[in-house]
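Below are the chains, spelled out letter by letter.
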Amino acid sequence: MTPSQPQAATFKTEYLPRSAGTRSIEVSLLAPRNELVQVLGSFNNWQPREMSQSPDGNWRLQLELADGDYEYCFRVKSNSWFMREQWVQISDPRATRINPFSNEVAVLTVRNGHRVISEYEWLYDRAALPPDEELIIYELHVGGFGASEAESKRLGKFPDVISKLDYLCELGVNAIELMPIHEFPTDYSWGYNPRFHFAVESAYGTPADFKKLVDECHARGIRVILDVVFNHCDAEHPLAKIDHDYWFHHDNPDPEGVRFGPKFNYDYYDEARGVFPAREFSGDCARFWVEEYHVDGFRFDATALINNFDFLKGVRDDLKAKCADKPFILIAEHLPEDPRITGLDGPMDAAWHFTFHDQLKANLLGREFGGRKPHDLDGTMAVIDARREGFGGINNVVNFATSHDHEYEMMRLGAVGIFDEPAFRRAKHAAAMLLTSPGLPMLRMGEEFGEYAPKSLDEIKLHWELLHKHPNQDLFRHYSALIGLRKANGALRRGNAEFFFSDAERKLLVFARRDENGGLLVVVANLLDEEAGDFAIPNWPADGKWHEWMRDYEVEVQGGVLHDRLAKSEWKIFVHEPAAQTG
């Protein structure tokens, strides 16, 4: 069986032409329980060559190659239960680059007598980056975020994202969380069906393109967090064809509705090799993205389905040791929510805070959402101060008003008949709750200017033209200003929230945040989209002048009582600095 030969110039090259002379280059494939393995490629006119198995389970072959780009694949006599003893053609499961016109063909590049991935030269590797507790995260899909409004039908690529980094700086975020960019079988996907865990999605660009994106982010003080999928993979993953049960569960143990493909078996131990094969593969993959692409953190998809803290702790310990000289964060998507995934004894630093999202949506919509009651003061206090839900520290949660798993606020509001000014008013309410609450805030791309697209791959492209409209511009300025306040005021970055007043009838909630120097910030929130009118709040933390930041005015507090007014869905932020010490 010979693969169809690639067309001329089927993949973009970023390397120099081949030079004279050859060097011995090894190709290998881990297949410890398989009987026969062959390699074939453009270096030998696609004629199969037998490989030899080493005691470590790898099949190896030395090739004499000059500098240049080559394409190759393997032929394996399968040991998978559904195709045992059949010859199958596969690409390298550890390929770092795939021919975009054929997922069966990997790309091998030789430069100066060595295998290389990219010749990119890092420029900003020593740039200062924000610590975990100061992160303001922006979740984006490269294809949906990147292309300009003038190219409404084209998917974005890494260079397009680079062109918008200054926009993100204007917004104020200091971390981007990229939805999965591992190579998947089509050009159009959410990314949660990885086929090649070590390769950059070719539809988004080359390895050098992605390295430049990371580098340009670092130049601007923006950290890069990758969303990674280590629970499952695409059904046509090469490992599933080599020897399915060596890496995956024979029968997927997950409930029927959450079986997304072959599921890694992190409990299976190979006595002969002395390793857990699935842990070895995924751990090597995580380490690879840190070493090769210099990323600053991972968001682990479906950690509850992975259901193996030993594996996750092993990855954490390895990565933390490798990144000891720079900040690195591990974030879990864990459903149902379980605080044990985070903290001192948990394998992750933080977890997506789904109850925050659900309570916020219930408050915005004025109806039950995700089992949360609207305008529930106790429920709202619990999600603002995640310690009430059992999290060890407030920075163990990533708060969000929407994510790729959820509809935008504007879509949800429109579905219940809330449009125009009332919708934007509630969107500002959501921004205020997100950015004044303890925890790490995360925005979904476009949320900051009122994106409304439904949760659909066909609608994944952002409507950048919305930024030409006044209400959308105003919402963007609102988000940007709140982010600026959060970055400037230490009280909003510390893990404390002191609730000292609530009004059950008018659904008012008041809490204080304190910085390490005694500075105070107090948030007064109207959870209802109704006028609260005049109010008096007793037990105010300090008398004297306070600055209301949202509308920019001063108010005098006397006798421990603040008097003011609240409009529909309005949040006010009062800032007070301690008097200067004298003497």
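A brief look at the structure comes next. What you are looking at is a predicted structure, and each value in this text was computed from that prediction instead of being measured.

Burial analysis of strand β13 (residues 196-200) places five of its five residues in the buried class, which makes it a mostly covered element. Across two bridges, strand β12 (residues 182-183) lies against β13 in antiparallel orientation. For Glu183, the partnering residue across the bridge sits in β13 and is Phe196.

Spatial ordering of the open sheet is given by β20-β21-β22-β27-β24-β25, a layout of six strands whose pairing is antiparallel. At either margin of the open sheet sits one strand with a lone partner, and together these are β20 (498-503) and β25 (553-557). Adjacent strand axes in the sheet meet at a mean angle of 25 degrees, parallel and antiparallel pairs treated alike. Looking at chain direction, β20 and strand β21 (residues 508-514) are connected through five bridges and run antiparallel. For Asp503, the partnering residue across the bridge sits in β21 and is Leu508. Packed onto the sheet, helix α10 (residues 377-384) meets β20 and β21 and runs at close to 20 degrees relative to β21. Here helix α12 (residues 420-436) sits on the sheet and contacts β21, β22 (520-526) and β27 (571-576); the angle it forms with β27, its principal contact strand, is near 35 degrees.

If you want to describe how two helices pack, look at the angle between their axes and the distance between the axes. With their axes 10 Å apart at the nearest point, helix α6 (residues 277-293) and helix α8 (residues 309-322) run at an angle of 25 degrees to one another. Compared by their axis directions, α6 and α8 come out roughly parallel. Here α6 and α8 pass one another in a crossing that is right-handed. On the side of α6, the interface is formed by Arg279, Ser282, Gly283, Ala286, Arg287, Val290 and Glu291, while α8 contributes Asp310, Phe311, Val315, Asp318, Leu319 and Lys322. Of the residues belonging to the contact of α6 with α8, the class tally is five nonpolar, two polar and six charged.

Here we take up the packing of helix α5 (residues 238-247) against α6. Two elements in contact, α5 and α6, have axes whose closest approach is 9 Å; the angle formed by their N-to-C orientations is 125 degrees. In terms of orientation, α5 lies oblique with respect to α6. Contacts between α5 and α6 pair Leu239, Tyr246 and Trp247 from the former with Pro277, Ala278 and Phe281 from the latter. The residue inventory of the contact of α5 with α6, partitioned by class, reads six nonpolar, no polar and no charged.

Analysis parameters
- Residues numbered from 1 in each chain as written.
- Predicted model: local features only at pLDDT ≥ 70, side-chain atom pairs only at ≥ 80, totals over all residues.
- Heavy atoms only, no water.
- Buried < 20%, exposed > 50% of the residue type's maximum accessible area, 1.4 Å probe, protein only.
- Helix = DSSP H or I, 4+ residues; strand = E, 2+ residues; numbered from the N terminus.
- Pairing = 2+ DSSP bridges.
- Axes fitted to C-alpha atoms, helices over the stretch in contact; angles between N-to-C directions.
- Contact = heavy atoms within 4.5 Å.
- Parallel < 35°, antiparallel > 145°, perpendicular 65-115°, else oblique.
- Left-handed = near helix turned anticlockwise from the far one by under 90°.
- Nonpolar A, V, L, I, M, F, W, Y, C, P; charged D, E, K, R; others polar.

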